[in-house]
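Notes for the structure review
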Amino acid sequence: EVQLLESGGGLVQPGGSLRLSCAASGFTFSTYGMNWVRQAPGKGLEWVSVISDSGSITHYADSVKGRFTISRDNSKNTLYLQMNSLRAEDTAVYYCAKKRVAGGSPHPADDWGQGTLVTVSS
Amino acid sequence: DIQMTQSPSSLSASVGDRVTITCRASQGISNYLAWYQQKPGKVPKLLIYAASTLQSGVPSRFSGSGSGTDFTLTISSLQPEDVATYYCQKYNSDPRPFGGGTKVEIK
């Protein structure tokens, strides 16, 4: 059974930093692309970032480009999101989500974690 | 970048009604379109990918169609457990934005 467990959320001041982690199990982590998706309170889903299975290819939403960095450690089956220069509008539940199919072909995410809440406020 | 627009933003229908949600891409995306269902307080669930392929375990009352820029999600007979917000997402290339969502309620 696929399990994705996010951690690292919390309260941070504007301009601060936070690193989210997503521990994966139940599948061969190193062969799947992974995503971060966020959802502000009462709002819709916003795709944040994606990383290839090897970690060599990354993409970001314009809203976080230059501030957030996605990475992964395949030896630890863990996905990360380093968030710097945080703003109030980054307040959201952050989900990690696994690509439906292994490899490089385009596919959506099928398995999602339960999410971790990030609150940016002074 | 390609934008995804959903309509309507909300709808109310009776149990047993046929419900249709529309998603439009600002440029052609072939059939690289997914639909998600998010029930209140729950994690999003993949319903349909490749515009019309049902994810394993999804009830057959859900169907998807379309290609290029215009797509639809249809619930053939609305059930109480279908109360949720539905999102489309393109995934042919990055960035891969979601549509704004359609909230479905029971009348």
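Residues numbered from 1 in each chain as written. Chains lettered and ligands numbered in written order. Predicted model: local features only at pLDDT ≥ 70, side-chain atom pairs only at ≥ 80, totals over all residues. Heavy atoms only, no water.

1. Topic: the sheet that holds strand β1 (residues 3-7) of chain A
All names here are of chain A. Operational definition: In this analysis, strands are considered paired if DSSP registers two or more bridges between them. Helix numbers and strand numbers start at the N terminus; a helix is a DSSP run of H or I with at least 4 residues, a strand a run of E with at least 2. Lines fitted to the C-alpha atoms define the axes, with helices restricted to the stretch that makes contact. Angles between their N-to-C directions range from 0 to 180 degrees.
Taken in spatial order, the four strands of this open sheet run β1-β3-β8-β7, and their pairing is antiparallel. For this open sheet the edge positions go to β1 and β7 (68-73), each flanked by a neighbour on one side alone. Neighbour-to-neighbour, the strand axes of the sheet open up by a mean angle of 15°, direction not taken into account. Sheet analysis places β7 next to strand β8 (residues 78-83), joined by six bridges and oriented antiparallel. Opposite T69, over in β8, you have Q82 as the bridge partner.

2. Re the pattern of salt bridges
Residues and elements named next belong to chain A. For clarity, the threshold we go by: Each reported salt bridge corresponds to a side-chain nitrogen of Lys or Arg within 4 Å of a carboxyl oxygen of Asp or Glu. The buried label applies to any residue whose accessible area, calculated with a 1.4 Å probe on protein chains only, is under 20% of its type's maximum; exposed applies above 50%, and partly exposed to all values in between.
For the structure shown, the criterion picks out eleven salt bridges over all chains. The shortest N-O distance in the salt bridge between R38 and E46 comes to 2.7 Å. The buried category is assigned to R38, whose relative accessible area is 4%. For E46, a relative accessible area of 29% gives the class partly exposed.

3. A few points about the state of the cysteines
In plain terms, the rule: The disulfide criterion used throughout: a pair of cysteine sulfur atoms within 2.5 Å.
For the coordinates displayed, the defined rule picks out two disulfides over all chains. Residue C22 of chain A pairs covalently with C96 of chain A via a disulfide, S to S 2.0 Å. Looking down the S-S bond of the C22 of chain A and C96 of chain A bridge, the torsion is 50°, so its handedness is right-handed. In this pair, C22 of chain A sits in strand β3 (residues 18-25) while C96 of chain A sits in strand β9 (residues 92-99), placing the two residues 74 residues apart along the sequence. Take C96 of chain A: its relative accessible area is 0%, and that puts it in the buried class. Each sulfur of the disulfide joining C23 of chain B and C88 of chain B lies 2.1 Å from the other. With the S-S bond torsion at 70°, the cross-link from C23 of chain B to C88 of chain B turns out right-handed. In this pair, C23 of chain B sits in strand β3 (residues 19-25) while C88 of chain B sits in strand β9 (residues 84-90), placing the two residues 65 residues apart along the sequence.

4. Some points on unusual backbone geometry
S7 of chain B connects to P8 of chain B through a cis peptide bond whose omega is -5°. Following the sequence through the fold, P8 of chain B ends up in the loop between β1 (4-7) and β2 (10-13). With an omega dihedral of 5°, the bond running from D94 of chain B to P95 of chain B counts as a cis peptide bond. Position of P95 of chain B among the secondary structure elements: in the loop between β9 and β10 (102-106). In this structure, S85 of chain A takes a positive phi of about 50° despite not being glycine. Among the residues examined, S85 of chain A registers a relative accessible area of 42% and is labelled partly exposed.

5. Here's the deal with the interface of chain B and chain A
Test applied: For this analysis, residues touch if any pair of their heavy atoms sits within 4.5 Å. In protein, a polar contact means a hydrogen-donor-capable atom and an acceptor-capable atom, both N or O and within 3.5 Å, with residues adjacent in sequence counting only if both atoms are side-chain atoms; elsewhere, any N or O pair within 3.5 Å suffices.
Counting from both sides, the interface comprises 19 residues of chain B and, opposite them, 22 residues of chain A. Taken together, the connections running from chain B to chain A amount to zero salt bridges. Where chain B packs against chain A, one counts four residue pairs in polar contact (both at pLDDT 80 or more). Counting residues per element, the ones that place at least two in the side of chain B that touches chain A are β4 (33-38), β5 (45-49) and β9 of chain B. Counting residues per element, the side of chain B that touches chain A draws most heavily on β4 of chain B, which supplies three residues.

6. Regarding the side chain of E6 of chain A
All names here are of chain A. Worth spelling out the cut-off: For the purpose of charge, His is not counted, nor are the chain termini; Lys and Arg are scored as positive and Asp and Glu as negative.
Note on placement: E6 falls in strand β1. In this structure E6 is buried but unpaired, with K98 as the nearest side chain of opposite charge at 13 Å. Reaching out from E6, the side chain makes a polar contact with the backbone nitrogen of C96 at a distance of 2.8 Å. Within the structure, the side chain of E6 is placed 3.1 Å from the backbone nitrogen of Q114, a separation counted as a polar contact. Setting aside its immediate chain neighbours within four residues, E6 contacts S21, C22, W36, Y94, Y95, C96, G113, Q114, G115 and T116.

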